[in-house]
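If you want the building blocks of each chain, they are given just below.
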Amino acid sequence: MPTSTSDDAFAEVKAKVDLVKVVQEHVRLSKRNRDFWGLCPFHQEDSPSFKVNPQMQSWYCFGCERSGDVFTFVELIEKTDKRGALQLLAERAGVELKKLSPEQKERSDSRRRLLAMLKLAAQYYEYVLWSTPTGETGRRLLASRKVTEETARAFQLGYAPAGRGFAEYLRAKKRSLADAQEAGLMRRDGTDFFAERLVIPIRDERGQPLAFTARTVRADEQRKYINSPETPAYVKGRVIFGLDLARDEIARKGHAVLMEGQFDVITAHGTGIKHAVASSGTALTDDQVRLLKRFTDELLLVFDSDRAGRAAAQKAVVLAAAHQMRTRVAAIEGAKDPDEFLRAAGAEAPKRWEELAAKAPSGFEFGMEDAAAGLNLSNANHVELAARRLREWIAQFPPTLQEEYRERAKRWMGVSGHLLAADPDERRSSGRPGPQKAGNNGLGAPHMGKKMTVGRYLLQLLAVRPAAFERVRTKITPEELDEEDRGIYVRMLETYERGGASGLENELAGYPAEEQDLIRRAWAAPPPNVDEEVAVELAERIRLDRMKGRHSGIIRELSEAERGKDWERVARLEAEARELARAIAEMERRG
């Protein structure tokens, strides 16, 4: 196969593929003179306005005004990026994008073998489920879950029999048992890893099986589900279950329904909710959000109804917001998860679902309601508690959203601004500071000519999360801080001791102007992490740095004492240095 470097890859691939043939795989084209016309695949239309020019190898839609070449078309139709389009077209054209080293080639070949083995396994398990007496156990389980054969086949569900059936199947096909073991399909003794389980393929957005999850059919089996291990072909935090089946419906509906479990999605599709996908029981990741963003800018989150499910929904709301995605959260009532909710609804499931989705609040509103859950907002103490929770909730969002969310929270609670405002003076001045850029060590970038020290970072964190004083004040003394940080630390600590977590807002007007500015900047653009554990780590780091500085000073004094032959002072300094070195070593060992 010819190879290509990154410099000429696009040109070589473009020369070897025909735009008309690529487009015809997705659009019915008819020729008019020299051009080809069809219905645009990127927006709804009744008459053709999508034109392909074979001479220029370009396309243009007069309706939505999109245009481009073969790479742009594949990017849009496959919901991928430019590199992904290049890889897809390079495979089609027989162009190897990069000359690989022997090690890279081995990894690439290994991944291809794994993918081929996983595809073969999915076909085998599906055959066993539907075409053998052994599969009857799996078919009964599906019937009990109200999963039809049509839905099961769409997800390529299968059944893994007991024994060494898959190994025998591979031997008959002269395929590698070692590859099956590497893919997590077979144990060393040749028995099937998923024996006596209903098998659910985990496929990528194009339908390629990457892994499996499997549910037991035995009542005496303690582990209800087992999963494939991560392999060179499968990283669970990068895959969205059901996306290959849901992608077109997501485009039509304008949003994706994100659930937690595979059976939630399978039942949803069987009910007609064909834009449902799942994070496969794991916490939503950045990679998963980026993948979903290729297909939509809005998520309807439908997680389990327990506390863990609500917490997962809140984390997903914040993560999606960081990627400029809108969210809504549907709260399930009378069931523990979407699967149970939809099965219990029976024939009424589509109607019940529409009602559930219609009243789903935005992700931010869901978090507000959760912050005030169980509180009486006519009680002043409860209002203070709710306000503190809301400030913490708002602080998790990107700074560009915080002011809007603060205003919405104030209207929703019906409270005065100072309880929720990042700036108690309501930002009298114009020119609101923007978000700080984080450095490699997580410290915010310098501002107003002030160097960002560890102590300054700690002060910012304490300004955003005053409750961290409870632990920090036992880990550090004011004398251990730099002189320019010492005064504001003492003032903030005294304010916290008098007024608690809300004391800083109430007393900030009495602080010196420079200290007010530091605190307000921290409120407007919080540090990357405001966890109390981080505050403790920073305090201990300051103490350790101070101890190391003191140790270096003692060593210098010791040299002077030895030169002056002050042996009494030498003995005292040596003892201090030893004691300090032991303390430093102990702190470093703990850290």
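Residues numbered from 1 in each chain as written. Predicted model: local features only at pLDDT ≥ 70, side-chain atom pairs only at ≥ 80, totals over all residues. Heavy atoms only, no water.

Caption draft 1: Geometry of the nonpolar core. Counting residues in each nonpolar core, the largest one holds 63 residues, and the members touching the most others are Tyr-125, Leu-142, Phe-166, Leu-185, Phe-194, Phe-212 and Trp-353. Top contributing element to this core by residue count: helix α5 (residues 102-131), with 12 residues. By size, the runner-up hydrophobic cluster in this structure holds 42 residues, among which are Val-289, Ala-313, Val-318 and Ala-387. (Core = buried A, V, L, I, M, F, W, Y, C linked by side-chain atoms within 4.5 Å. Buried < 20%, exposed > 50% of the residue type's maximum accessible area, 1.4 Å probe, protein only. Helix = DSSP H or I, 4+ residues; strand = E, 2+ residues; numbered from the N terminus.)

Caption draft 2: The confidence of the model for the protein chain, seen in detail. On average, residues of the protein chain score 85 in pLDDT, and 91% of them are at 70 or above. Across residues 423-450, confidence stays below pLDDT 50; counting only partners more than four residues off in sequence or on other chains, it has 54 contacts. (pLDDT = per-residue confidence, 0-100. Contact = heavy atoms within 4.5 Å.)

Caption draft 3: A look at the pattern of salt bridges. In total, this model carries 45 salt bridges according to the counting rule given. For Arg-408, the salt bridge goes to Glu-365, with nearest N and O atoms at 3.5 Å. Residue Arg-408 is located in helix α18 (residues 399-413), and its partner Glu-365 is located in helix α16 (residues 363-371); the two are separated by 43 residues in the primary sequence. Judged by its relative accessible area of 30%, Glu-365 falls in the partly exposed class. (Salt bridge = Lys/Arg side-chain N within 4 Å of Asp/Glu carboxyl O.)

Caption draft 4: Structural detail: the sheet that holds strand β4 (residues 58-61). As summarised here, the arrangement of the five strands in space is β1-β2-β3-β4-β5, forming an open sheet in which the pairing is antiparallel. Unpaired on one side and paired on the other, β1 (30-32) and β5 (67-68) mark the two borders of the sheet. Where strand β3 (residues 50-53) lies against β4, four bridges are found, and the strand directions are antiparallel. Note that in β4 the partner of Asn-53 across the bridge is Ser-58. On the sheet, helix α3 (residues 70-78) packs against β3, β4 and β5 and is oriented at approximately 55 degrees with respect to β4. (Pairing = 2+ DSSP bridges. Axes fitted to C-alpha atoms, helices over the stretch in contact; angles between N-to-C directions.)

Caption draft 5: Main features of the packing of helix α13 (residues 307-322) against α16. With their axes 9 Å apart at the nearest point, α13 and α16 run at an angle of 135 degrees to one another. As summarised for this structure, α13 and α16 are arranged oblique, according to the angle between their axes. Seen from above, α13 lies across α16 with left-handed handedness. Residues Arg-307, Arg-310, Ala-313, Gln-314 and Val-317 of α13 pack against Gly-363, Phe-364, Phe-366, Gly-367 and Asp-370 of α16. (Parallel < 35°, antiparallel > 145°, perpendicular 65-115°, else oblique. Left-handed = near helix turned anticlockwise from the far one by under 90°.)

Caption draft 6: Focus on the pairing of β4. Residues Trp-59 and Cys-61 line the buried face of β4, whereas the alternating positions Ser-58 and Tyr-60 sit on a face that is not buried. From the end of β3 to the start of β4, which pair antiparallel, there are four residues, and Gln-57 there has a positive phi angle of about 50 degrees. The sheet contact formed by β4 and β5 spans two bridges and is antiparallel. The residue of β5 that forms the bridge with Tyr-60 is Ser-67. Hairpin remark: β4 followed by β5, antiparallel, with five residues in the connecting loop; positive phi at Glu-65, about 65 degrees.

Caption draft 7: Seen up close, the packing of α16 against α18. Running from N to C, α16 and α18 point in directions that differ by 45 degrees, and their axes come no closer than 11 Å. Taken as axis vectors, α16 and α18 run oblique relative to one another. In the packing of α16 onto α18, the handedness of the crossing is right-handed. Across the interface between the two elements, Phe-364, Glu-365, Met-368 and Glu-369 from α16 touch Tyr-405, Arg-408, Ala-409 and Trp-412 from α18. Here the contact of α16 with α18 is built from residues that sort into five nonpolar, no polar and three charged. (Nonpolar A, V, L, I, M, F, W, Y, C, P; charged D, E, K, R; others polar.)

Caption draft 8: How the structure looks around unusual backbone geometry. The backbone of Gln-57 shows a phi angle near 50 degrees, a positive value even though the residue is not glycine. Locating Gln-57 in the fold gives a position in the loop between β3 and β4. Owing to a relative accessible area of 18%, Gln-57 belongs among the buried residues under this scheme. At Gln-324, a position not held by glycine, the phi torsion is positive, near 55 degrees. Its location among the elements puts Gln-324 in the loop between α13 and β13 (326-329). Owing to a relative accessible area of 59%, Gln-324 belongs among the exposed residues under this scheme.

Caption draft 9: Expanded view of the sheet that holds strand β6 (residues 158-160). Pairing in this open sheet of four strands is antiparallel, and the strands run β6-β7-β8-β9 from one edge to the other. Taken across any chain shown, the strands that pair with only one partner, and hence form the sheet edges, are β6 and β9 (225-227). Here the strands of the sheet are splayed against their neighbours by 35 degrees on average, with no regard to which way each runs. Examined bridge by bridge, strand β7 (residues 197-203) and strand β8 (residues 209-216) share seven bridges and lie antiparallel to one another. Its bridge partner being in β8, Ile-202 is matched across the sheet by Ala-211. Contacts from helix α6 (residues 136-144) reach β6, β7 and β8, with the element oriented near 75 degrees to β7.

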